[in-house]
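# What the coordinates show
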Amino acid sequence: MIGSLGAAALASLAAGAAPASAQTQTNGFVPKRHPQDQWMGELQGDHRVFIDTSNAGGGANAVRYGNNILDSHIGAYDGSEEDMAIIVCYRHTSTPFAFNDAMWAKYADGFALFTQERDENGVAPTKNRLYSSILALGERGVSYAICNKATTTLSGLIARNSNSTAEEIHAELIANAIPGAHFVAAGVLAATRSQEYGFSLLYSAS
């Protein structure tokens, strides 16, 4: 049963549940650059924010935080959306929110193992309740990072009760992710690397 496998698999992600941090540039320290992180440095904006999420509640609040940051900057600072470079990261058990309704309908039980969201009858959601809001925030210039480590774990869980391989499911999830999103090796790593590119870290809790 996928439920009996879920605890062990999620335990492998437990170390990534807490907010991440990184060393700042002090005492002449200059971080080494890597091609995988180059996209962060290419984002345009006078202010940089990385919003980190690791659970379902935090995933929902991240959308609110992104909109609040943009609205407040525009209203109180006479600014514009173009002034802000914002990255929202879906990792750990918030990762399923990075995928569209087709994936939620197809892999509802597997996604529910991560998000822990079911109705009063124990039925797993078959739609991504955040997806339209995520897309709308993206239209305001916000970028997204998706944890590949969590996506790989999720694919393996689903594959145990599927006729498809973990590799096939992984490829399917990537093809049905937030348009333009960047898959990062691990969300916690992306959170730390973002600070090396001058992003402030905001952890979105549930």
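Note that the structure is a prediction, hence the values are computed from the model and not measured.

### Focus: the confidence of the model for the chain
The pLDDT averaged across the chain works out to 92; a share of 87% of its residues lies at or above 70. Taken as a whole, residues 1-5 scores under 50 in pLDDT and shows nine contacts with residues more than four places along the chain or in a different chain.

### Concerning the environment of Ala85
Along the chain, Ala85 falls in strand S2 (residues 84-90). Residues contacting Ala85, with those up to four places away along its chain left out, are Leu43, Gln44, Gly45, His47, Arg48, Val49 and Phe199.

### Considerations on the state of the cysteines
Counted according to the given criterion, the structure contains zero disulfides. The thiol sulfur of Cys89 is not disulfide-bonded, and the nearest other cysteine sulfur, from Cys147, lies at 6.7 Å. With relative accessibility at 5%, the residue Cys147 sits in the buried group.

### Focus: the sheet that holds S2
Ordered in space as S4-S3-S2-S1-S5, the five strands form an open sheet in which the pairing is parallel. The strands lining the two open edges of the sheet, one partner per strand, are strand S4 (182-184) and strand S5 (200-204). Between one strand axis and the next, the sheet turns through 25° on average, direction left out of account. Sheet analysis places strand S1 (residues 47-53) next to S5, joined by five bridges and oriented parallel. Bridge assignment links Ile51 to a residue of S5, and that residue is Leu202. Sheet strands in contact with helix H7 (residues 148-159) are strand S3 (143-147) and S4, and its direction is about 50° off that of S3.

### Comments concerning the packing of aromatic side chains
Applying the stated rule across the entire model yields four aromatic pairs. When the centroid spacing of 6.1 Å and the interplanar angle of 35° are considered together, the rings of Phe99 and Phe111 count as tilted. Note that Phe99 is positioned in the loop between S2 and helix H4 (101-106) and Phe111 in helix H5 (residues 108-115), a separation of 12 residues in sequence. A single burial state applies to Phe99 and to Phe111, both of which are buried. Aromatic ring contacts, followed pair by pair, group Phe97, Phe99, Trp104 and Phe111 into a single cluster. Its guanidinium or amino end placed over the ring of Tyr197, Arg33 lies 3.9 Å from that ring's centre, counting from NZ or CZ.

### Structural notes on the nonpolar core
Counting 38 residues, the largest nonpolar core has Val88, Tyr90, Phe111 and Tyr144 as its most contacted members. Once you skip the residues sitting within four places of it in the chain, Tyr144 turns out to touch Trp39, Ile87, Val88, Tyr90, Ile134, Leu137, Gly138, Ile178, Ala181 and His182. Membership of the second largest hydrophobic core comes to 13 residues, among which are Leu43, Phe50, Ala85 and Val184.

Criteria and cut-off values
- Residues numbered from 1 in each chain as written.
- Predicted model: local features only at pLDDT ≥ 70, side-chain atom pairs only at ≥ 80, totals over all residues.
- Heavy atoms only, no water.
- pLDDT = per-residue confidence, 0-100.
- Contact = heavy atoms within 4.5 Å.
- Helix = DSSP H or I, 4+ residues; strand = E, 2+ residues; numbered from the N terminus.
- Disulfide = S-S within 2.5 Å.
- Buried < 20%, exposed > 50% of the residue type's maximum accessible area, 1.4 Å probe, protein only.
- Pairing = 2+ DSSP bridges.
- Axes fitted to C-alpha atoms, helices over the stretch in contact; angles between N-to-C directions.
- Phe/Tyr/Trp six-rings, centres within 6.5 Å; stacked < 30°, edge-to-face > 60°.
- Lys NZ or Arg CZ within 6 Å of the ring centre and 35° of its normal.
- Core = buried A, V, L, I, M, F, W, Y, C linked by side-chain atoms within 4.5 Å.

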